[in-house]
Amino acid sequence: MRLLTHNMLTCNIKGVTKGFPLSIEVQKLETKETDFNPDFLKNIFPKLEWKAFHDAALSVGLNDIPEQVDPVMLEDSEFLQKFHHALLEVHLEEGALICPETGRRFPVSKGVPNMLLHEDEV
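Residues numbered from 1 in each chain as written. Predicted model: local features only at pLDDT ≥ 70, side-chain atom pairs only at ≥ 80, totals over all residues. Heavy atoms only, no water.

Right, let's get into the overall build of the chain. Scanning the chain from N- to C-terminus turns up four helices and four strands. Starting at the N terminus, the α and β elements of the chain follow one another as α-β-α-α-α-β-β-β. For 122 residues, the compact-globule estimate of 2.2 N^0.38 gives 14 Å, and the C-alpha radius of gyration of the chain, at 15 Å, lies within 12% of that figure. If one aligns the C-alpha atoms of the chain with their principal axes, the spans along those axes are about 50 × 30 × 20 Å. Going through the 122 residues of the chain one by one, you find that 39% of them count as buried. Restricting the contact set of the chain to residue pairs at least 6 apart, pairs at least 24 apart contribute 67%. A total accessible area of about 7,100 Å² is found for the chain, and carbon and sulfur atoms account for 50% of it. (Helix = DSSP H or I, 4+ residues; strand = E, 2+ residues; numbered from the N terminus. Rg over C-alpha atoms; globule rule 2.2 N^0.38 Å. Buried < 20%, exposed > 50% of the residue type's maximum accessible area, 1.4 Å probe, protein only. Contact = heavy atoms within 4.5 Å. Areas by Shrake-Rupley, 256 points an atom, 1.4 Å probe, with all protein chains shown as cover.)

If you want it as structure tokens, here you go:
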């Protein structure tokens, strides 16, 4: 699971009002190279919740993502390379996503998060 995917997931348990962002528990990470596309990064940037992305990057051991960003930074090739790597190349293969309100763990297996709810959570 890429951090791009993580930035779009939320806990949908009935009654949960603060289901985003999910915490990440890492058991296994992989790096998978992908083609660098600065236009994609510039287009996806305004759609991301940056604080959640920054915190997710920290939780998987990426310390070079700035806490605050300015759209001007999208013209800096060094920043774009780091952004690309964190957003698209780092994959959570095994671990869990954890609801910030309930503590419910959603397992991630073979890179796929299982966000299915139990009957009593719907």
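Moving on from the coordinates now.
Turning next to the environment of glycine 15. You can see glycine 15 is positioned in the loop between helix H1 (3-6) and strand S1 (23-31). Taking the relative accessible area as the measure of exposure, glycine 15 reaches 61% and is therefore exposed. Taking C-alpha positions, glycine 15 is 30 Å from histidine 91, a pair spaced 76 residues apart along the chain.

Attention shifts here to the side chain of histidine 91. Looking at where histidine 91 falls in the secondary structure, it is placed in strand S2 (residues 90-98). On the basis of relative accessible area, histidine 91 is assigned to the buried category, the value being 8%. Separated by 3.4 Å, the side chain of histidine 91 and the backbone oxygen of leucine 88 make a polar contact. Those residues in contact with histidine 91 that lie beyond four places of it in its chain are Met1, Arg2, Lys28, Leu29, Glu30 and Lys32. (Polar contact = N/O pair within 3.5 Å; in protein donor to acceptor, adjacent residues only side chain to side chain.)

Two side chains carrying opposite charge are able to pair once their charged atoms lie near each other. For the structure on display, the rule yields seven salt bridges. The shortest N-O distance in the salt bridge between glutamate 78 and lysine 82 comes to 3.3 Å. Taken together, the residues glutamate 78 and lysine 82, both in helix H4 (residues 77-89) and four residues apart, mark about one turn of the helix. (Salt bridge = Lys/Arg side-chain N within 4 Å of Asp/Glu carboxyl O.)

Judged by pairing direction, the sheet is antiparallel, and its four strands sit side by side in the order S1-S2-S3-S4 without closing on themselves. The open sheet has two edge strands with one neighbour each: S1 and strand S4 (112-113). Examined bridge by bridge, S1 and S2 share eight bridges and lie antiparallel to one another. If you follow lysine 28 over to S2, its bridge partner there is glutamate 94. In the packing of H4 onto the sheet, contacts are made with S1 and S2, and the angle to S2 comes to roughly 60°. (Pairing = 2+ DSSP bridges. Axes fitted to C-alpha atoms, helices over the stretch in contact; angles between N-to-C directions.)

So, on to the nonpolar core. Ranked by size, the top nonpolar core spans 33 residues in total, and within it Phe53, Phe83, Leu87 and Leu97 carry the most contacts. Looking at this core element by element, the count peaks at six residues for H4. (Core = buried A, V, L, I, M, F, W, Y, C linked by side-chain atoms within 4.5 Å.)

So, about the side chain of glutamate 121. Structurally, glutamate 121 can be placed in the segment after S4. A relative accessible area of 10% places glutamate 121 in the buried class. Ignoring any residue separated from it by four or fewer positions in sequence, one finds glutamate 121 in contact with Asn12, Ile13, Lys14 and Arg104.

Bear in mind that shape data such as this cannot, by itself, settle questions of function.
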